[in-house]
There are 2 protein chains.
Amino acid sequence: MTSKTVSKALSVLNSFTSENPSWGLRELARHLDMNHTVVYRLLSTLEEEGYVFHNPDTQKYELGIKLIELSNVVEEHLKFAELIEPIMKKIALQTGESVVFTILDNEEGVFLKIVESEQQVRFAESVGKRSPLYIGASHKVILAYLPEEIQNRIIDDGLSNNAQHIESKEAFFEVLEKIKHQGWYYTAGETFNDVAAISIPLFDHKKNILGSISVAGPKYRVTIEETDRMLISLQENYQSLSSVLRKSFFPSRRKFLMNTLS
Amino acid sequence: MTSKTVSKALSVLNSFTSENPSWGLRELARHLDMNHTVVYRLLSTLEEEGYVFHNPDTQKYELGIKLIELSNVVEEHLKFAELIEPIMKKIALQTGESVVFTILDNEEGVFLKIVESEQQVRFAESVGKRSPLYIGASHKVILAYLPEEIQNRIIDDGLSNNAQHIESKEAFFEVLEKIKHQGWYYTAGETFNDVAAISIPLFDHKKNILGSISVAGPKYRVTIEETDRMLISLQENYQSLSSVLRKSFFPSRRKFLMNTLS
DNA sequence: AACAGTGGTTCTATTATAGAACCAGAAAGA
DNA sequence: TCTTTCTGGTTCTATAATAGAACCACTGTT
């Protein structure tokens, strides 16, 4: 059993994204298809605790600094984040490109940590970016190791959303097969137009898929011809990555995803 | 009017701090003096949306990665954060110490941004740290410019909590007077045992106090004798800091504080 | 074997919520 | 200038969601 009121409050919070970082009251109510009185009460409550900020100049609502506070608690607690950093740095140094750590969260992928290369387009601002599992090497490599039933549902979701990167269901399943066969995947221009990436999957001690690690950079540098070099670096560090994941608390919400299995 | 249920849910979230990053269900219920069934329902709801993570190994609840996601939205939106960074870096370079940007939020001070010096003890992990306004130069310098009624209440709060750094009410008001007279303040070992800081206040266009900017470092380096040098750097950059604050959205929740005035 | 913990579940009296109808003010259009 | 149509915010009560006692099943301790 979950609380309906709290669910609504969280859906209010979830409405604030990079694309829509501020909302007017009635605007947000329409977006959520809720009565504006209700949204008002929720926003007021969130504001009182600093989760939301009511900008007096624009009269709009925005996310509050309480969230910065809490995210700091998470990051501090996530010891794995600091354990994994030196390994990611090593890969970045070896390849000369940025390294992205992606985590499976419910039925989406989230960029949890990014280590930038020296010569890089800014990337780090994408930390926390969440997207469906059918987009990009980092995500596809995760999808490949999920139960077929879930793969089916996620691909269908993509098709019904007219996702650009799914040609046909058959072709997509072939990609997933290929990934499982070779253990890595390369894509260009899926998550970001000018960015290409090569990714390998990461598992827990029970061989459950947890996330992925990727080398990413501008298309013209990270070409399919270069993948060999980068793959070697990824595979060289695979063991240390796995042992870190095994040792430390890891907030992958696989549970919810698996509960959807019939 | 605010929502009681959502307030409870937020108080659940607020229970997760650096000191207490994970809670058992009944443990948390006791802490909040709530029925464990209620806490269970709230946690389940928060978990469903990724705000909370139920660690299957320890059976304890922890904050979820959704918060990292949201904090990234806040930071992206906070254009002032990037505008202020070069100025803070300049001060860090000039003084050789870390620079801390503190914001007034309701009746507390929050470290919103920290630029580290090269030669520094790690400090940045304190981003988001929240503490009462009677502790530390960065906070006292804010308190000095608040209405007397609020100063009174905050000091009384401190006294009833047996705060270490308040000798007597009279002595404390003298400190606040001194701050207003000289426009800066120096403390050593208040917020952190081995750290000293010198701070100046920051105001909006209506001369309302918004926050403060501080130079901070280990006591043995940031001595009272060194303050002149650092003060010059702070004051040199004061105008650029003010103009940035004037230009950009700034989430200081003064409103709630001011609403408490009789 | 008894006991005291734990996380999780069920059920209904009670309480908090949803949402229509209502402000007052701002902006847009005629 | 006078409507009209927005906006954020408020009030009130039928009704829907919540609180919390009593209850599992399980684990660890004595």
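Residues numbered from 1 in each chain as written. Chains lettered and ligands numbered in written order. Predicted model: local features only at pLDDT ≥ 70, side-chain atom pairs only at ≥ 80, totals over all residues. Heavy atoms only, no water.

Overview of the UniProt feature "domain: HTH iclR-type" (unreviewed entry) in chain A
Here is the rule: UniProt positions are given in the numbering used here, feature names are shortened, and annotations may be inferred rather than shown by experiment. A run of H or I in DSSP becomes a helix once it reaches four residues, and a run of E becomes a strand once it reaches two; helices and strands are each numbered from the N terminus.
Taken from the UniProt record, the annotation "domain: HTH iclR-type" (unreviewed entry) applies to residues 3-65 of chain A. Spanning residues 3-65 of chain A, this segment combines 51% helix with 13% strand, and its end C-alpha atoms are found 25 Å apart.

Details of helix H8 (residues 169-182) of chain B
Put simply, the rule is: To estimate the expected span of a helix, subtract one from its residue number and multiply by 1.5 Å.
In this model H8(B) runs 20 Å from its N-terminal to its C-terminal C-alpha over 14 residues, within 8% of the 20 Å that 1.5 Å per residue would give. Directly beyond the C-terminal end of H8(B), a positive phi value near 80 degrees is found at B:Gly183.

Here's the deal with the protein's contact with DNA strand C
Here is the rule: Consider each residue's heavy atoms; a residue with any of them within 4 Å of a molecule or strand counts as near. Residues adjacent in sequence count toward polar contacts only when both atoms are side-chain atoms; beyond that, a polar contact is any pair of N or O atoms within 3.5 Å, and within protein one must be able to donate a hydrogen and the other to accept it. Note on residue classes: Ala, Val, Leu, Ile, Met, Phe, Trp, Tyr, Cys and Pro are nonpolar, Asp, Glu, Lys and Arg are charged, and everything else, Gly too, is polar.
In the vicinity of DNA strand C lie 19 residues, with A:Asn35, B:Leu25, B:Arg26, B:Tyr40 and B:Tyr61 positioned nearest. Among the atoms of DNA strand C close to the protein, meaning within 4 Å, 62% are from sugar or phosphate groups. Contacts to DNA strand C include A:Lys8, whose side-chain N or O atom sits 2.9 Å from a phosphate oxygen. Here a phosphate oxygen of DNA strand C and a backbone polar atom of B:Leu25 are 2.6 Å apart. Every element with two or more residues in the surface near DNA strand C is listed here: helix H1 (4-14) and helix H3 (36-48) of chain A together with helix H1 (4-14), helix H2 (25-32) and helix H3 (36-48) of chain B. Here the residues of the surface near DNA strand C are counted per class, giving four nonpolar, ten polar and five charged.

Some remarks on the environment of A:Trp23
Residues and elements named next belong to chain A. Heads up, the rule is: Three labels apply to residues, based on accessible area from a 1.4 Å probe with only protein chains included: buried if under 20% of the type maximum, exposed if over 50%, partly exposed otherwise in between. Residue contacts are defined here by distance: any two heavy atoms, one from each residue, within 4.5 Å place the two residues in contact.
Position of Trp23 relative to the elements: it lies in strand S1 (residues 22-23). Residue Trp23 is classed as buried on the basis of its relative accessible area, which comes to 6%. Beyond its immediate sequence surroundings of up to four residues, Trp23 is in contact with Ser15, Phe16, Leu28, His31, Lys60 and Tyr61.

Observations regarding the protein's contact with DNA strand D
The local shell around DNA strand D holds 19 residues, among which A:Leu25, A:Arg26, A:Tyr40, A:Tyr61 and B:Asn35 are the closest. Sugar plus phosphate, as a fraction of atoms of DNA strand D within 4 Å of the protein: 62%. A distance of 3.2 Å is found between a base nitrogen of DNA strand D and a side-chain nitrogen or oxygen belonging to B:Thr37. Contact distances for DNA strand D include 2.7 Å between a phosphate oxygen and a side-chain N or O atom of B:Arg41. Residues that form the surface near DNA strand D fall into these classes: four nonpolar, ten polar and five charged.

What about the packing of aromatic side chains?
Residue and element names in this part refer to chain A. What counts is decided by this rule: For Phe, Tyr and Trp, where Trp contributes only its six-membered ring, two rings pair if their centres lie within 6.5 Å, and the inter-plane angle classes them as stacked under 30 degrees, edge-to-face over 60, or tilted in between.
All chains considered together, the criterion is met by two aromatic pairs over all chains. Both rings, one in Tyr145 and one in Phe203, keep their centres 5.0 Å apart while their planes meet at 85 degrees; by these two values the pair is edge-to-face. Here Tyr145 is found in the loop between helix H6 (137-143) and helix H7 (148-160), whereas its partner Phe203 is found in strand S8 (residues 195-203), with 58 residues between them in sequence.

Examining the domain arrangement of chain A
Interfaces are often sized by the accessible area lost when the parts come together. Note the following rule: Where each domain starts and ends comes from a domain assignment, either automatic or drawn from a database.
Each assigned domain of chain A is listed with its residue range as follows: domain 1 (4-68) and domain 2 (78-259). In this structure, domain 1 of chain A and domain 2 of chain A have C-alpha centres spaced 32 Å apart.

A look at the relation of the copies chain A and chain B
Applicable threshold: Alignment of the copies relies on least squares applied to C-alpha atoms, considering only residues that score at least 70 for pLDDT in both.
In the superposition of chain A on chain B (RMSD 0.1 Å, axial shift 0.0 Å), the rotation amounts to 180 degrees. Taken together, the rotation angle and the small translation identify this as a two-fold axis. Among all residues of chain A, the minimum C-alpha distance to the rotation axis is found for A:Val6, at 2.7 Å. Both copies share a contact surface, since 98% of the interface residues of chain A are interface residues in chain B too.

Some points on the side chain of A:Ser71
Checked against the element boundaries, A:Ser71 lands in helix H4 (residues 66-77). Leaving out residues up to four positions away in the same chain, A:Ser71 has contacts with B:Leu67, B:Ile68 and B:Ser71.

Remarks on the pattern of salt bridges
When the charged atoms of two side chains lie near each other, side chains of opposite charge can form a pair. Rule in force here: Note on definitions: salt bridges are taken to be side-chain nitrogens of Lys or Arg within 4 Å of carboxyl oxygens of Asp or Glu.
Applying the stated criterion across every chain yields a total of 26 salt bridges over all chains. Residue B:Glu69 pairs with A:Arg130 through a salt bridge whose shortest N-O separation is 2.7 Å. Here the residue B:Glu69 occupies a position in helix H4 (residues 66-77), and A:Arg130 occupies one in strand S6 (residues 130-132), the pair thus bridging two chains. For the salt bridge of A:Glu226 with A:Arg229, the shortest nitrogen-to-oxygen distance reads 2.2 Å.

Brief notes about the interface of chain A and chain B
The condition that has to hold: As used here, buried area is the combined drop in accessible area, with a 1.4 Å probe, of two parts when they are placed together.
Contacts between chain A and chain B engage 59 residues on the former and 59 residues on the latter. Taking both partners together, chain A and chain B bury about 5500 Å²; carbon and sulfur atoms supply 65% of that area. Together, A:Phe53, A:Ile65 and A:Ile68 form the three largest contributors to the area buried by chain A at its contact with chain B, with a combined 12%. Where chain A touches chain B, the interface holds 13 residue pairs in polar contact (both at pLDDT 80 or more). At twelve residues, the largest contribution of residues to the side of chain A that touches chain B is made by H4(A). Taken together, the residues of the side of chain A that touches chain B sort by class into 27 nonpolar, 18 polar and 14 charged.

Points about the environment of A:Leu43
Residues and elements named next belong to chain A. Mapped onto the elements of the fold, Leu43 is located in helix H3. Since its relative accessible area comes to 0%, Leu43 is described here as buried. For the pair Leu43 and Ala9, spaced 34 residues apart in the sequence, the C-alpha separation amounts to 7.7 Å.

What to know about the packing of H4(A) against H4(B)
Just so we agree on the cut-off: The convention used is that axes are lines fitted to C-alpha atoms, helices contributing only their stretch in contact, and that angles between N-to-C directions extend from 0 to 180 degrees. Each angle is binned into one of four classes, with values under 35 degrees roughly parallel, values over 145 roughly antiparallel, values of 65 to 115 roughly perpendicular, and all other values oblique. Here a crossing is called left-handed whenever its near helix is offset anticlockwise from the far helix by less than a right angle, and right-handed whenever the offset is clockwise.
Contact pair H4(A) / H4(B): the axes reach a minimum separation of 8 Å and the direction vectors enclose 135 degrees. Accordingly, the angle class assigned to the pair H4(A) and H4(B) is oblique. Crossing of H4(A) over H4(B) shows left-handed handedness. Counting all contacts with H4(A), which are made through A:Leu67, A:Ile68, A:Leu70, A:Ser71, A:Val74 and A:Glu75, the residues of H4(B) involved are B:Leu67, B:Ile68, B:Leu70, B:Ser71, B:Val74 and B:Glu75. Counted by class, the contact of H4(A) with H4(B) contains eight nonpolar, two polar and two charged residues.

A closer look at the sheet that holds strand S2 (residues 52-54) of chain A
Residue and element names in this part refer to chain A. Spelled out, the test is: Only when DSSP finds a minimum of two bridges between them are two strands counted as paired.
The three strands lie next to each other as S1-S3-S2, forming an open sheet whose pairing is antiparallel. Unpaired on one side and paired on the other, S1 and S2 mark the two borders of the sheet. Examined bridge by bridge, S1 and strand S3 (residues 61-63) share two bridges and lie antiparallel to one another. Bridging from a neighbouring strand, Trp23 pairs with Tyr61 of S3.

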